[in-house]
Amino acid sequence: MSTKPQTARRIDWLPILLLLPVGVVLVLILIWPIVQGISLSFFNTRILNYSQGKFIGIANYNFLLQDENFWNSLRVTAIYGALSMSLTYLLGLGFALLLNRNFILRGFLRTIFILPWAIPEVVAVLIFMWMLDPQFGVLNYLMVKAGFIDRPLAWLTQSSLAMPALVMLTAWQQFPLAMLILLAGLQTIPREQYEAAMVDGAGPISRFFHVTLPGLRPVNVILILLLILNSFRRVTMIYAMTRGGPARSTETLSILTYNTAFEYQKIGYAAAVGTALLIILLIFSLIYFRAIIRSRSAA
Amino acid sequence: MTPQVSAIAIRVFWFVLTCALAAVVFFPYYWMFVSSVESASIFQWPPNLWPKEFSLDAYFTIFEQRDLATWLRNTFVVAGCTALFCAIISINAAYALSRFKTRTTGLFTSIILFSQLLPAALIVVPLFVIFQQTGLYDSLVGLAIADTAFILPLSIWLLKGFFDQIPVEIEQQAMIDGCSRLGAFYRVTLPLALPGLVVVIAMGFISGWDEFFLARTLIAAQDNWVLSVGLTSFRGEYTVAWNEMMAAAVIFAMPALAFFMIVQRYLVAGLAAGAVKG
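Residues numbered from 1 in each chain as written. Chains lettered and ligands numbered in written order. Predicted model: local features only at pLDDT ≥ 70, side-chain atom pairs only at ≥ 80, totals over all residues. Heavy atoms only, no water.

Undergrad: Requested: an account of the interface of chain B and chain A, with residues and values cited.
TA: Opposite the 95 residues of chain B that make contact, chain A presents 100 residues. Here chain B packs against chain A, burying approximately 8,800 Å² in sum over the two surfaces, 82% of which is carbon and sulfur. Of all residues in chain B, W45(B), L117(B) and L122(B) give up the largest surface area on contact with chain A, accounting jointly for 8% of the area buried on that side. For the side of chain B that touches chain A, the element with the highest residue contribution is helix α12 (residues 242-277) of chain B, accounting for 18 residues. Here the residues of the side of chain B that touches chain A are counted per class, giving 73 nonpolar, 15 polar and seven charged. (Contact = heavy atoms within 4.5 Å. Buried area = accessible area lost by both parts, 1.4 Å probe. Helix = DSSP H or I, 4+ residues; strand = E, 2+ residues; numbered from the N terminus. Nonpolar A, V, L, I, M, F, W, Y, C, P; charged D, E, K, R; others polar.)

This is the structure:
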C-alpha cells in the first residue's frame, strides 16, 4: 500500500480480522482433523470406544507393514494413478491439439469437450454403471459390435475388469482439465518456432516432436503431477462406483482409509493408513511445488 | 488436386473428426437423457440407440415412489448455504490477501495452497467425531460448513485475482472523499468485482450441490439425505429401474450444469493462467 493507514506503526488489525473467518473454518475442518488424524494413528481407538483409545506407540504402523491389504492397496493406488493419469493426459493432449486450430464452431465444440467435467461425479458414476450393465448396457453392446469383446461383460463385479472400467470413467470425467491446461500451454508456444521449423522442411510429425512437445514441457510436469495427486486423493468416484471392490481390486489408499474407519470401525488403524497416504502426498506435493516455482522463475 | 483444394480437404477432414469425437465424448450425456425418457423399452437387447417411445413416466414415478422432493430440498439448502458462506468468507479473505502484503497474509497464502492437497479420506475420520462432539453431525448447515472449507482455497484464490485487477487508487480516492477503509472496499471495489463474486457464489453452489463423500459420512437420517446420497442408495437394490435412475440423474445434473455455464469462462481462464504461470 502506498498510503499507509493512520495506525501504520502499530499492528494493523484489519487484515487479521478479515482473515479470521477463513482461518477458523480451515483450522476446524481441515487442519485440526489432520493433526488429530496423525495423533490417532498412535492409538488403538475404535468408533465405539472413541474417548478411551489406548496409546500404543507405533504398533499400528508395525501392523501396517505386515498387512497384505495395505500392500495391495499401495499397488492398486500406483496402478490406478499411472493408468488414469496416462489415459487422461493422452485424451487431453489429443483434444487440445484438435481444438488448437481455427475453425467454425470452435467455441461450441470446446464447450462440448468440457461438459464431462461439469457433471456431478455421482451422476457420471451412475451413467457409466448403466452403460456397463452386463444385461442391457449400451457400452457392452457397442464393444461387442465393434469386435473388442465377444460377449457382454460384468465390468463391475469381476475383479480384473473393475479397474479398467474405473480408469475409463476417470479419463472421461477428468480429461477436460488436462485439455484446458494443455490448450493454454499450446498457446504460449511462439508461432515463429513453427514457421522456422517449416522453413527447415519439418513435417507435421517432426514439428510435433521438436516444437510442440518441448514447448509443453513446463506445463506437462505440473499437469502430470496434478493428475497423480488427484488420483491419490480421489474418493467420491471410486467409492460410489465400486467401494473398493470386487475383492479389493479398486481399493486405493484413500478408499482403504475410509473402509477401515467406517466399515471395520478401526479408527486408529485407519488413521495410520491415512497418514501413510498423507506422507506419499506430501512427497509428491513437494515435487509439484518445486516444479511450479521452477516454471515461474523460468518464465 | 490443386494445393488450395487439398488444403480445404484437410481442413474439412479435421473439422469432421473433431465433430465425431465431440459426439463420442457427449454420448454418456445423450444416453442419460434417452434412457430417462424411455419406459420399460430400455430393458432390451440390443439396446435402442434412438428412443423408440417417448414418455416422461420415469420422472413422475421417482417423485411418487422415492423421497426425491426431500432430497432436492435438502440439496438446495446445503448448496445455498455453501454458496453464502463461501461468498462472505472469500470476499473478506481475498480482499485482505490482495491489498495487504504482510507476513500474516504471506503465511495465509501458503496455508491456503497447501490445504488444497490434503487427503479428504484422512480428514473425514476425525471430522466425523468432531462433528458428533460439536453437534454439527447430521445437520445440513454443518455439512455446508464442511463443504465450504473444501472449496474456500480455490474460491479465495480466484477472487483475489479479480481484486488484483482493480486499481487501488479508486479506493484511495473514495477514502479521501470520506469513506472508511472497509467502506471504500464494500462500496467501490466490490461492485467493480461483481463478476468475481458471481463466480465464487456459483462455485460454492456447485460444490455444495455435487458433493457426495462428506454428505455420506456426516449425514445419517434419511430425512436429511441429499441427492448424491439418495441416488447412490438405489444401487444396493435387487433390480435397478435404470430409466428412473437416469431421470433422477438428469434432475441432479441440471442445476450443476446451469451454474457451470455461468462460471465456465472465468474458470477456464483462471485455470489456464494458474497452470501456465504457476
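Having put the structure on the table, let's press on.
Undergrad: Run through the confidence of the model for chain A, naming residues and quoting values.
TA: With 95% of its residues at a pLDDT of 70 or more, chain A shows a mean pLDDT of 89. The weakest mean pLDDT in chain A belongs to helix α12 (residues 267-298) of chain A at 87; the strongest belongs to helix α3 (residues 68-99) of chain A at 96. (pLDDT = per-residue confidence, 0-100.)

Undergrad: Quick one: what's the story with the pattern of salt bridges, residue by residue and with numbers?
TA: Summed over all chains, the structure comprises three salt bridges over all chains. The closest approach of N and O atoms between E251(A) and R248(A), which form a salt bridge, is 2.7 Å. A relative accessible area of 3% places E251(A) in the buried class. For R248(A), a relative accessible area of 24% puts it in the partly exposed group. K160(B) is the salt-bridge partner of D164(B), the closest N and O atoms lying 3.0 Å from each other. With D164(B) and K160(B) both in helix α6 (residues 140-164), this residue pair falls four residues apart, about one helical turn. (Salt bridge = Lys/Arg side-chain N within 4 Å of Asp/Glu carboxyl O. Buried < 20%, exposed > 50% of the residue type's maximum accessible area, 1.4 Å probe, protein only.)

Undergrad: Can you lay out helix α8 (residues 181-192) of chain B for me, pointing to particular residues and giving the numbers?
TA: For α8(B), which comprises 12 residues, the first-to-last C-alpha distance of 16 Å matches the rise-based estimate of 16 Å (1.5 Å per residue) to within 8%. Buried within α8(B) are the following residues: R181(B), G183(B), A184(B), F185(B), V188(B), T189(B) and L190(B). Buried residues in α8(B) make contact with α1 (13-40) of chain A together with α3 (68-99), α6, α7 (168-176) and α9 (194-210) of chain B. (Expected span 1.5 Å × (residues − 1).)

Undergrad: So, helix α9 (residues 204-233) of chain A: which residues are in play, and what are the values?
TA: Over its 30 residues, α9(A) extends only 38 Å from the first C-alpha to the last, a length that falls short of the 44 Å expected when each residue adds 1.5 Å. The largest bend along α9(A) measures about 55° and falls at R217(A), with the proline P218(A) one to four residues further on. (Bend = angle between axes of the 7 residues up to and from the residue.)

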